[in-house]
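# Observations on chain architecture
Listed below, chain by chain, are the residues.
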Amino acid sequence: MKVGILAVQGAFAEHEQMLNKLGIDFIELRQKSDTLKAYDALILPGGESTVQGKLIKDLDMFDNLKAQISNGMPVMGTCAGLILLADKISNDDRTHLQTMPITVKRNSYGRQLGSFHVEHEYGSLGKIPMTFIRAPHIEACAKDVEILAKIDERIVAARFKNQLALSFHPELDNDTRIFEDFIKLI
Ligand code: GLN
């Protein structure tokens, strides 16, 4: 089993550390030729979604990534990665892969609460540590999207078939359960 981690910008190294901890093999996806290699799942890390979205187009990785996700490859998008997956972005005209029927709002916690940490119920996993950094949240989603975590009426984790979208950064905490759960999708 091998995970392809989008590594054009942002917090991909932290995902690599987490996968190392779990003994899961991965490759970095930095250019189009990497997206033609063999891997079984994708991670889209946090960072700056506008930069990542532009780079995957400029580097001609967009079509392959979109096709892999549309064809059912398990994908976990964290923070900016969630924004890349979203069908609609309520406060930005630029959309990206648009594989997940969700509407997201970027930077939805304002400046005061730019970054924060909570422990909150997540799906069937119980309380999970969640670190938010200039995070988006899911404002609306299609009926068949499963909501995994909601904090103060804001959806911060959801799954649609093979796609897992998280507002927060599970790679920044020591809890490995979300990754283990994701790996089960493979
Ligand atoms: N604010 C970033 C964006 O809109 C996301 C922040 C993050 O990934 N930590 O793209």
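Whatever comes next refers back to the structure up there.
Residues numbered from 1 in each chain as written. Predicted model: local features only at pLDDT ≥ 70, side-chain atom pairs only at ≥ 80, totals over all residues. Heavy atoms only, no water.

Regarding its fold elements, the chain presents five helices and twelve strands. At 15 Å, the chain has a C-alpha radius of gyration in line with the 16 Å of a compact globule built from 186 residues. The C-alpha extent of the chain, read off along each of the three principal axes, is 40 × 40 × 30 Å. Counting across all 186 residues of the chain, residues that qualify as buried make up 53%. Relative to all contacts within the chain whose residues are 6 or more apart in sequence, the contacts with residues 24 or more apart total 64%. Here the chain displays about 8500 Å² of accessible surface, and carbon together with sulfur accounts for 46% of that area. (Helix = DSSP H or I, 4+ residues; strand = E, 2+ residues; numbered from the N terminus. Rg over C-alpha atoms; globule rule 2.2 N^0.38 Å. Buried < 20%, exposed > 50% of the residue type's maximum accessible area, 1.4 Å probe, protein only. Contact = heavy atoms within 4.5 Å. Areas by Shrake-Rupley, 256 points an atom, 1.4 Å probe, with all protein chains shown as cover.)

Turning to its location among the elements, Phe116 is positioned in strand E7 (residues 115-122). Between the alpha carbons of Phe116 and Asp25 there is a distance of 30 Å; along the sequence they are 91 residues apart. The residues touching Phe116, leaving out its near neighbours within four places in the chain, are Tyr109, Met130, Thr131 and Phe132.

Around the ligand, the surrounding shell consists of Gly46, Gly47, Glu48, Ser49, Cys79, Ala80, Ile83, Arg106, Asn107, Ile133, Arg134 and His169. Between the ligand and Arg134, the relevant distance is 3.0 Å, taken from a nitrogen atom to a main-chain nitrogen or oxygen of the residue. Contact with the protein chains covers 98% of the free accessible surface of the ligand, which is 300 Å². (Near = heavy atom within 4 Å. Polar contact = N/O pair within 3.5 Å; in protein donor to acceptor, adjacent residues only side chain to side chain.)

Right, let's talk about the packing of aromatic side chains for a bit. On inspection of all chains with the given rule, the structure shows five aromatic pairs. Summarising the aromatic geometry, the rings of Tyr122 and Phe168 are spaced 6.4 Å apart at their centres and angled 90° between planes, so their arrangement reads as edge-to-face. Taken together, the residues Tyr122 in strand E7 and Phe168 in the loop between strand E12 (163-166) and helix H5 (177-183) connect sequence positions 46 residues apart. Of the two residues, Tyr122 and Phe168, both sit in the buried class. Between the aromatic rings of Phe132 and Phe168, the centroid separation amounts to 5.7 Å while the plane-to-plane angle is 55°, which identifies the pairing as tilted. With Phe132 in strand E8 (residues 126-133) and Phe168 in the loop between E12 and H5, this pair connects stretches of sequence that are 36 residues apart. (Phe/Tyr/Trp six-rings, centres within 6.5 Å; stacked < 30°, edge-to-face > 60°.)

Mapped onto the elements, Asp63 comes out in helix H3 (residues 62-70). As a C-alpha pair, Asp63 and Thr35 span 28 residues in sequence and 9.7 Å in three-dimensional space.

Burial within strand E1 (residues 2-6) is extensive, with four of its five residues counted as buried. Here five bridges tie E1 to strand E2 (residues 25-29), and the two strands are oriented parallel to one another. By the bridge assignment, Val3 is partnered in E2 with Phe26. In terms of handedness, the path from E1 via helix H1 (residues 12-22) over to E2 forms a crossover that is right-handed. Pairing of E1 with strand E3 (residues 41-44), which is carried by three bridges, proceeds in the parallel orientation. By the bridge assignment for E3, Val3 is matched with Ala41. (Pairing = 2+ DSSP bridges. Right-handed = clockwise from strand over helix to strand, strands pointing away.)

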